[in-house]
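If you want the building blocks of each chain, they are given just below.
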Amino acid sequence: MRKSKMMLIGIVCAAFMLNLSAQETTKEFRPTKDTWITNEKQGTPGSRADRGYGACKYLSLDTQSDGDKSHILLEFDLKDIPKGAKIGSAFLVMGPRIDPQVGSIKAVEIRRLLKDDWQEGKEGDKTHVARTATSWMARSYSAEGESKWEKPGAVGDTDCDATAAVTVQESEIKSLEADGLDILDLLNAWNKDRNVQFGLLIRTTNDKINYLRWNSSNAGEGKGPKLVIMFTDNAAMEAKDKKDK
């Protein structure tokens, strides 16, 4: 009798654990758009502040010797996460760095973008047509003119959420390469209202020279940034509970 009772308890526990695991989903998301923007001066005509780099095979996060910077912009389509779902974990993975690291890395900051109408663009890092895609100066361009960032580089209060920014110290940079960096707070802030697509602005905050580069999604299949998110579909769970009752 005792043996049968213990077996019954084991079966119930196993069923409970199976049901619990079914509630949680871990999914990998690749960017729908990724680019970098810069106010660097190089070549002719010099300023690159009105140029887009959406087709470039790498993403550049730099501080030049004269203080000019490059920022990375990412956007993800997260419609596969149901509304009302609880996000349990969220990790940003940039992949292995490319090109040698130069200079010091005192801090990198990751902010949530609050607009989703920026243009990735079709230009790379060799040839450019100014004012055709997202740049340091503008979120988008049209026949009617420019849609300006509140502040150049997309760092204005209406451009991105500075208050919830994730600061990455030098010792944590490597976590972006493989295991991923925890950005759960940024995902939860988006999940509250979902009024735009989920986007990220990544920038260096130190003034000393540094170069950080990763592959973009244009570098080939499986390359470039990704988000790894674990979520629980509460609405589906509640519906199942009601049905079971």
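All values derive from a computational prediction rather than experimental measurement.

Caption draft 1: Spatial organisation of the sheet that holds strand β6 (residues 70-76). Read from one edge to the other, the open sheet built from five strands follows the order β2-β6-β14-β9-β12, with strand pairing classed as antiparallel. Looking at which strands have only one partner, the edges of the open sheet turn out to be β2 (33-38) and β12 (160-168). The mean inter-strand angle of the sheet, taken between neighbouring strand axes irrespective of direction, is 25 degrees. Where strand β9 (residues 108-113) meets β12, five bridges bridge the pair, whose relative direction is antiparallel. By the bridge assignment for β12, Ile110 is matched with Val166. Contacting β9, β12 and β14 (198-204), helix α2 (residues 184-193) crosses the sheet at an angle of about 10 degrees to β9.

Caption draft 2: Seen up close, the sheet that holds strand β13 (residues 181-182). The strand order β1-β16-β7-β13 describes an open sheet built from four strands, whose pairing is antiparallel. Sheet topology places β1 (24-29) and β13 at the edges, where each strand pairs with a single neighbour. Bridge count for strand β7 (residues 86-93) against β13 is two bridges, and the pairing is antiparallel. Considered in β13, the bridge of Phe91 is made with Asp182. Strands β7, β13 and β16 (226-232) of the sheet are contacted by α2, whose axis makes an angle of about 130 degrees with β7.

Caption draft 3: Inspection of the packing of aromatic side chains at higher detail. Enumeration over the complete set of coordinates arrives at four aromatic pairs. The interplanar angle of 25 degrees and the centroid separation of 5.7 Å between the aromatic rings of Trp36 and Tyr58 together place this pair among those described as stacked. Of this pair, Trp36 sits in strand β2 while Tyr58 sits in strand β5 (residues 58-63); the two residues are 22 residues apart in sequence, bridging distant segments of the chain. Residue classification places Trp36 among the buried positions, given a relative accessible area of 1%. Exposure remark for Tyr58: the relative accessible area of 13% places this residue in the buried category. With a centroid separation of 6.1 Å and 70 degrees between ring planes, the pair formed by Trp190 and Phe198 is classed as edge-to-face. The exposure classification of Trp190 matches that of Phe198, with both residues buried. Three or more aromatic residues joined by ring pairs make a cluster, and in this case those are Trp36, Tyr53 and Tyr58. The cationic tip of Lys33 hangs over the ring face of Trp118; the distance from NZ or CZ to the ring centre is 4.6 Å.

Calculation rules
- Residues numbered from 1 in each chain as written.
- Predicted model: local features only at pLDDT ≥ 70, side-chain atom pairs only at ≥ 80, totals over all residues.
- Heavy atoms only, no water.
- Pairing = 2+ DSSP bridges.
- Helix = DSSP H or I, 4+ residues; strand = E, 2+ residues; numbered from the N terminus.
- Axes fitted to C-alpha atoms, helices over the stretch in contact; angles between N-to-C directions.
- Contact = heavy atoms within 4.5 Å.
- Phe/Tyr/Trp six-rings, centres within 6.5 Å; stacked < 30°, edge-to-face > 60°.
- Buried < 20%, exposed > 50% of the residue type's maximum accessible area, 1.4 Å probe, protein only.
- Lys NZ or Arg CZ within 6 Å of the ring centre and 35° of its normal.

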